[in-house]
Number of protein chains: 2
Amino acid sequence: MISVLSGGTGTPKLLQGIKRIVNPEDLTVIVNTLENDYFSGVYVSADIDTVMYTLCDLINEDCWYGRYDDTFITHETLKELGFEETLRIGDKDRALKIQKTQLLKEHTLEECVKIQCNSLGIKSKVLPMSNLQPKVTLDTDYGLLSFHDFLIKHKSRPEVYDVIYEKVEALDSVIESIEKSDEVIIGPSNPITSINPILIMPGVEKALKNTYVCSVSPFVGDDAISGPAGKFMKAKGFQTNCVGVSKIYENFLDHYIINTNDEKYKHIIEEFIPKVSVDNIILKSLDDKINLAKKIIERYE
Amino acid sequence: MISVLSGGTGTPKLLQGIKRIVNPEDLTVIVNTLENDYFSGVYVSADIDTVMYTLCDLINEDCWYGRYDDTFITHETLKELGFEETLRIGDKDRALKIQKTQLLKEHTLEECVKIQCNSLGIKSKVLPMSNLQPKVTLDTDYGLLSFHDFLIKHKSRPEVYDVIYEKVEALDSVIESIEKSDEVIIGPSNPITSINPILIMPGVEKALKNTYVCSVSPFVGDDAISGPAGKFMKAKGFQTNCVGVSKIYENFLDHYIINTNDEKYKHIIEEFIPKVSVDNIILKSLDDKINLAKKIIERYE
């Protein structure tokens, strides 16, 4: 049994490798729900949908959002009518969101995702971290911003002074899944807004301490591989590199994988993380993804 | 100034003729809102949308619902996901419905329709009869049914014992528009579920009595030109032909147009309606529609 903690971009890339190595029934992906919200009248759980599309090979790898085979007829017609959608939702992707929105009237988010995984033929388990969606507020030089306003409206440009969100209740199945796993993999996702919302839920850190946990750094040198992780790390007082990330995970991390060019940080991190491996963590080809996934699961032995 | 009272199929056909004769700024269409409701999370005002699409020449004339140039990608994907939409909503049409649903959070239905008419380049005025949507219940041999369950799920098959709906408050602009008109045209729509909901609103009948009102029969012989009008007329104790319809309008109707083959009813109706004309009211070609519209407005003089 393998559990993966995931956000919406870095970890799905690694998942493409993991899903080719691990028996689908033995894989659980626990997904961030921070800032899930309603847009254009539909419930958008962007990270969950990205993970589902990744697992059933429908993901649009250009933006790690939506389906690769989608059209944008409704979105474009809305624009012609004078209604600018905050999110660019594809016609097929909108169907998934409409279904989830309708299901949510009678089901928990956990149940909705289970139903949709069945519909998409996904045999692995996808668990939202919670049935709740913590709101996140960013304190920036543009004032207080919602996550989506920061990310989409202001294109991650503002300087970030603080990232504020509350902890929510984990699903029981999230804690159980971590406890039952032979290994938990924390993917190379944004540690502040994708992974930490999972970590701070009551019971999660305790469960992780009792399990073998491996993580892949989301940084190469001083830059996050994708997204605004650097700005958020800085705002929270962490170094914006693989060392900073390992500090967030130090209480429970057993094995940490950093990029080849970051070997200079290995001995520093080894002072508080039992095992550090150095490898190519820039996942471009499917082979890169499979190779890394294989070594993570074999624990570089 | 011409006002037209409209439902969703018969009257829009006539509208295609009227809009080619009347200056667009001098035309107001007052539209039924009976059983407007939410489907798949969007507000559906089917008759209003049909009238708007008719006025901007986007209407799908195969079913008098939605746009002629539409696709059904979201609808088909929903089906693949296991979610059967009650209504078959097109991708472009869904955009209009999403926009209306979002606008309704901050605007009245009247304002929403005005905004959307602007977006669609419609220069005539489209007025929902009310900002409210009376629910209609059908007492049938299948039990009590909603209008949409009768129409869509049971394909108008059940025998109808009664049609029950409450009266709602008319928009002020509806009463004003009728009062200011040189002529009010009641199109060949279902008298029970399309026209009568407008007529029973407080103030409407009084305003119609003070205006020249012309109506086109929705019946040819014993059959409604389209839809289940016959069943509803029978349930309400009216003859299912042009005579029955004229009885519903007798308090205010000045001029009534019946089909050529129904000439035998002319002398009966003339006992309580001041003027009855006989003409081809089966509107197949655009020429049919323009010819009839012209004669209605010229009052067959």
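Only a predicted model underlies this, so the values are computations on that prediction, with no experimental measurement involved.

Section: the pairing of strand β6 (residues 136–140) of chain B
Residue and element names in this part refer to chain B.
Then, number 1: Of the two faces of β6, only the one carrying Val136, Leu138 and Thr140 is buried; Thr137 and Asp139 on the other face are not.
Then, number 2: The pairing of β6 with strand β8 (residues 160–165) spans five bridges and is antiparallel. Bridge pairing in β8 links Val136 to Tyr165.
Then, number 3: As paired strands, β6 and strand β7 (residues 143–146) are joined by four bridges and run antiparallel to one another. Along β7, the bridge assignment pairs Leu138 with Leu145.
Then, number 4: Counted along the chain from β6 to the antiparallel partner β7, the turn is two residues long.

Describing the sheet that holds strand β6 (residues 136–140) of chain A
What links the strands of a sheet is backbone hydrogen bonding, and the strands pair in either a parallel or an antiparallel sense.
Residue and element names in this part refer to chain A.
Then, number 1: Taken in spatial order, the three strands of this open sheet run β7-β6-β8, and their pairing is antiparallel. Whereas interior strands pair on both sides, the edge strands pair on one side only; in this sheet they are β7 (143–146) and β8 (160–165). Between one strand axis and the next, the sheet turns by 25° as a mean value, whatever way the strands run.

Describing the state of the cysteines
All names here are of chain A.
Then, number 1: Using the criterion set out here, one finds zero disulfides over all chains in the structure.
Then, number 2: Counting only cysteine sulfurs, Cys117 is the nearest neighbor of Cys112, a cysteine outside any disulfide, at a range of 11 Å.
Then, number 3: Distance from the sulfur of Cys214, which forms no disulfide, to the nearest cysteine sulfur (Cys242) is 14 Å.

Considerations on the packing of aromatic side chains
Then, number 1: Inspection of the entire model under this criterion finds eight aromatic pairs over all chains.
Then, number 2: Aromatic pair Tyr38(B) and Tyr43(B): ring centres 5.4 Å apart, planes at 70°, arrangement edge-to-face.
Then, number 3: Looking at Tyr38(B), the relative accessible area reads 45%, which means it is partly exposed.
Then, number 4: Of the aromatic side chains, those joined through ring pairs into one cluster are Phe147(A), Phe150(A) and Phe232(A).
Then, number 5: Above the plane of the ring of Phe72(A) lies Arg88(A), whose end atom (NZ or CZ) is 3.6 Å from the centre.

Quick notes on the pattern of salt bridges
Then, number 1: Within the structure shown, the criterion is met by 30 salt bridges over all chains.
Then, number 2: Connected through salt bridges with shared partners, the residues Asp49(A), Asp93(A), Lys97(A) and Lys100(A) form a single ionic network.

Some words on the sheet that holds strand β1 (residues 2–6) of chain B
Residue and element names in this part refer to chain B.
Then, number 1: Read from one edge to the other, the open sheet built from seven strands follows the order β5-β2-β1-β9-β10-β13-β14, with strand pairing classed as parallel. With one partner strand each, in any of the chains shown, β5 (125–128) and β14 (275–279) form the two edges of the open sheet. Strand-to-strand twist in this sheet, taken as the mean axis angle between neighbours without regard to direction, amounts to 20°.
Then, number 2: Across four bridges, strand β2 (residues 27–31) lies against β5 in parallel orientation. When the bridges of β5 are listed, Ile30 appears paired with Leu127.

Things to note about the interface of chain A and chain B
Then, number 1: In this assembly, 21 residues from chain A lie in contact with 21 residues from chain B.
Then, number 2: In this assembly, chain A packs against chain B so that about 1900 Å² is buried in total across both faces, 70% of it on carbon and sulfur atoms.
Then, number 3: It is Ile73(A), Leu81(A) and Ile98(A) that lose the most area in chain A upon contact with chain B, and together they represent 28% of the buried surface on that side.
Then, number 4: Our count for the contact surface shared by chain A and chain B stands at zero salt bridges.
Then, number 5: Connecting chain A to chain B are six residue pairs in polar contact (both at pLDDT 80 or more).
Then, number 6: When contributions to the side of chain A that touches chain B are tallied by element, the ones reaching two or more residues are α3 (73–80) and α4 (91–103) of chain A.
Then, number 7: Broken down by element, the side of chain A that touches chain B gets its largest block of residues, eight residues, from α4(A).
Then, number 8: For the side of chain A that touches chain B, the residue count by class is eight nonpolar, nine polar and four charged.

Thoughts on the side chain of Ser124(A)
Residue and element names in this part refer to chain A.
Then, number 1: Turning to its location among the elements, Ser124 is positioned in the loop between α5 (109–119) and β5 (125–128).
Then, number 2: Within the structure, the side chain of Ser124 is placed 2.8 Å from the backbone oxygen of Pro24, a separation counted as a polar contact.
Then, number 3: Contacts of Ser124, omitting those with residues within four sequence positions, involve Pro24, Leu27 and Leu55.

Let's talk about the confidence of the model for chain A
Then, number 1: Mean pLDDT over chain A: 96, with 100% of residues reaching 70 or higher.
Then, number 2: Note on the complex model: pTM 0.94, ipTM 0.94.

Quick notes on unusual backbone geometry
All names here are of chain A.
Then, number 1: Positive phi outside glycine occurs at Glu35, with the angle close to 65°.
Then, number 2: As for its placement among the helices and strands, Glu35 is situated in the loop between β2 (27–31) and β3 (37–39).
Then, number 3: Residue classification places Glu35 among the buried positions, given a relative accessible area of 5%.
Then, number 4: Here Arg299, not a glycine, exhibits a phi torsion of approximately 55°, which is positive.
Then, number 5: The exposure class assigned to Arg299 is partly exposed, which follows from its relative accessible area of 24%.

Quick notes on the relation of the copies chain A and chain B
Then, number 1: After a rotation of 180° and a shift along the axis of 0.0 Å, chain A superposes on chain B with an RMSD of 0.0 Å. Here the symmetry operator amounts to a two-fold rotation axis.
Then, number 2: A share of 100% of interface residues in chain A that are also interface residues in chain B marks the association as one of identical surfaces.

Notes on helix α11 (residues 242–249) of chain B
Residue and element names in this part refer to chain B.
Then, number 1: Taken across its eight residues, α11 has seven buried, putting it largely inside the fold.
Then, number 2: All of the buried residues along α11 are Cys242, Val243, Gly244, Val245, Ser246, Ile248 and Tyr249.
Then, number 3: Put simply, Asn241 is the residue that caps the front of α11, since its side-chain oxygen is 2.9 Å from the backbone nitrogen of Val243.

Here is what the cut-offs are and how they apply
- Note on numbering: residues in each chain are counted from 1, in written sequence order.
- A letter from A marks each chain and a number from 1 marks each ligand, given out in the order of writing.
- In keeping with the model being predicted, local features are shown solely for residues with a pLDDT of at least 70 and side-chain atom pairs are shown and tallied solely at 80 or more, while totals for entire chains, interfaces and linings include all residues.
- Only heavy atoms go into the side-chain values, all of them from the structure, while hydrogens and water stay out.
- For each residue, the accessible area found with a 1.4 Å probe, counting protein chains only, is set against the maximum for its type, and the residue is called buried under 20%, exposed over 50%, and partly exposed in between.
- Secondary structure counts use DSSP, requiring at least four H or I residues in a row for a helix and at least two E residues in a row for a strand, with both numbered from the N terminus.
- Only strands joined by at least two bridges in the DSSP assignment are considered to pair.
- An axis is simply a line fitted to the C-alpha atoms; with a helix, the fit covers only the stretch in contact. Between two such axes, the angle follows the N-to-C directions and lies from 0 to 180 degrees.
- Pairs of cysteine sulfur atoms within 2.5 Å are identified as disulfides in what follows.
- Stacked, tilted and edge-to-face are the three classes applied to pairs of Phe, Tyr and Trp rings, where Trp contributes its six-membered ring and a pair requires centres within 6.5 Å; stacked means planes under 30 degrees apart, edge-to-face means over 60, and tilted covers the rest.
- Only when the NZ atom of a Lys or the CZ atom of an Arg is both within 6 Å of the ring centre and within 35 degrees of the ring normal do we say a charge sits over the ring.
- Salt bridges are defined by distance alone: a side-chain nitrogen of Lys or Arg within 4 Å of a carboxyl oxygen of Asp or Glu.
- Whether two residues are in contact is decided by their heavy atoms: any pair within 4.5 Å suffices.
- The buried area of a pairing is the accessible area, by a 1.4 Å probe, that goes missing from both parts when the two are put together, added over both.
- The definition of a polar contact used here is a pair of N or O atoms within 3.5 Å, where within protein one atom must be able to donate a hydrogen and the other to accept one, and adjacent residues in sequence count solely through side-chain atom pairs.
- In this count, Pro and Cys sit with the nonpolar residues alongside Ala, Val, Leu, Ile, Met, Phe, Trp and Tyr, while Asp, Glu, Lys and Arg are called charged and the others, Gly among them, polar.
- In predicted models, pLDDT denotes the confidence assigned by the predictor to each residue on a 0 to 100 scale.
- Superposition of the copies used a least-squares fit over C-alpha atoms from residues whose pLDDT is at least 70 in both.

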